[in-house]
Amino acid sequence: MTILVTGGAGYVGSHTVHYMIEKGYDIVVFDNLYMGHREAVHDKAAFVQGDLLNRDDIAAVFRDYPDIDGIVHFASHTMVGESMQKPWLYLRDNITAASNLLELATEHDVKRFVFSSTANLFDEPESMPIRADNKIIPGSPYGESKAMIERLLHWMDVIHDLKWCGLRYFNAAGAHPDGVIGEDHTPETHLIPITFQVALGQREQLTIFGDDYDTPDGTCVRDYVHVLDLAQAHVLALEAIKDGRSRQYNLGTGNGYSIKQLVDTAQQVSGKEIKHVIGDRRPGDPATLIADSTAIKEELGWAPQFDSLEKILETAWQWHSTHPEGYDS
Ligand code: UFG
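Cut-offs applied
- Residues numbered from 1 in each chain as written.
- Predicted model: local features only at pLDDT ≥ 70, side-chain atom pairs only at ≥ 80, totals over all residues.
- Heavy atoms only, no water.
- Pairing = 2+ DSSP bridges.
- Helix = DSSP H or I, 4+ residues; strand = E, 2+ residues; numbered from the N terminus.
- Near = heavy atom within 4 Å.
- Polar contact = N/O pair within 3.5 Å; in protein donor to acceptor, adjacent residues only side chain to side chain.
- Salt bridge = Lys/Arg side-chain N within 4 Å of Asp/Glu carboxyl O.
- Buried < 20%, exposed > 50% of the residue type's maximum accessible area, 1.4 Å probe, protein only.

Asker: Just checking my understanding: could you explain the sheet that holds strand β14 (residues 288-289) for this structure?
Answerer: Strand pairing in a sheet relies on backbone hydrogen bonds, with the paired strands running either antiparallel or parallel. Pairing is mixed across the open sheet formed by three strands, whose spatial order is β12-β9-β14. Each having just a single partner strand, β12 (257-258) and β14 make up the two edges of the open sheet. Two elements, strand β9 (residues 221-222) and β14, share two bridges in a ladder whose sense is parallel. Among the inter-strand pairings, R222 is bridged to a residue of β14, identified as L289.

Asker: How should the site of the ligand be read in this particular structure?
Answerer: Surrounding the ligand, one finds 22 residues, the nearest of these being T78, T118, T207, R282 and D285. Contacts to the ligand include T78, whose backbone N or O atom sits 2.8 Å from an oxygen atom. The backbone of T207 places a nitrogen or oxygen atom 2.8 Å from a nitrogen atom of the ligand. Those elements giving two or more residues to the shell around the ligand turn out to be α6 (191-199) and β8 (206-209). The leading source of residues in the shell around the ligand is β8, at four residues.

Asker: Explain the pattern of salt bridges here, please?
Answerer: A side chain with one charge may pair with a side chain of the opposite charge, provided their charged atoms come close. Using the criterion set out here, one finds 17 salt bridges in the structure. Of the charged contacts in the structure, one is a salt bridge between D109 and K111, with a shortest N-O distance of 3.0 Å. Relative accessible area serves as the criterion here: at 32%, K111 is assigned to the partly exposed category. A salt bridge links D307 to K311; the nearest nitrogen and oxygen atoms lie 2.9 Å apart. Taken together, the salt bridges that share partners define one network made up of D157, D161 and K163.

Take a look at the structure:
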């Protein structure tokens, strides 16, 4: 079977492609390389450079690869903070890209779709950890775009029998332990890469965005989940929806760490001092996001391998310390 992976040159996408190829899938990666890296794409995957905003690019993929029978859709703008500055990149482009893809996918009778969704759907958690059936109240235009795409998928299921699984990741973290792929964004805005850039002397200091949140030490609490554990969930999801039932799951370890705790652990793992200062809050950030992933564990047998922040950060440090300039190293 051939699976089309949009955004397969990006961070979570490239790790999932590596994992899927190890499991024997034939993969076509479709990516505009806006944030992704050609070097991150596994040698055994076919690669098509194209843009989901251009319907002709998508039509060409279905013409060239007529045996595509499933899609894993990562391609997206993904930054919570940016979405508060540039809402239309999210509310227009993310949604238009997904609409184009879904229109062509249903025209080509694709019946399985795994969607990269987000914890940013849950700005007002009813309980902590957060279950997948929590009321959806997006925290930013980014989260809103993902919520709207989940609604598009609902209607594609009703009308075209497209079965889909929404995977709401909490904070994707870490790198492939074999050291060949990892996290590399330009510009870099994510906490863990920036923290290690400080450890490597590439930045003078980390600014922690706010220490007056309602959390034990005042800094935001997040659930960091290893990118290969996320990859495993995509394969389980793709297989599970063959039973004809669409579903959504929250994906995290169930453990929350504050930014200060993360910095302490990063100092231990790297053996370097990480200078940090406190700055203003970043708009769009909820205080605490921790996942309840019981459903995917019980229903699909999801078994995360990286169960501590230390293990996750060790793989990230291995990547950043050996690739200080990311893929340009
Ligand atoms: N942070 C800082 N300083 C920095 C960068 C980040 O204090 O220089 C803080 C943020 O304010 C936030 C935490 O560190 O409280 C994590 O921030 P990231 O930017 O690393 O990640 P986000 O939580 O904003 O977002 C990530 C993904 C999203 C996904 C979300 C789900 O980028 O795509 O996790 O929780 F939706």
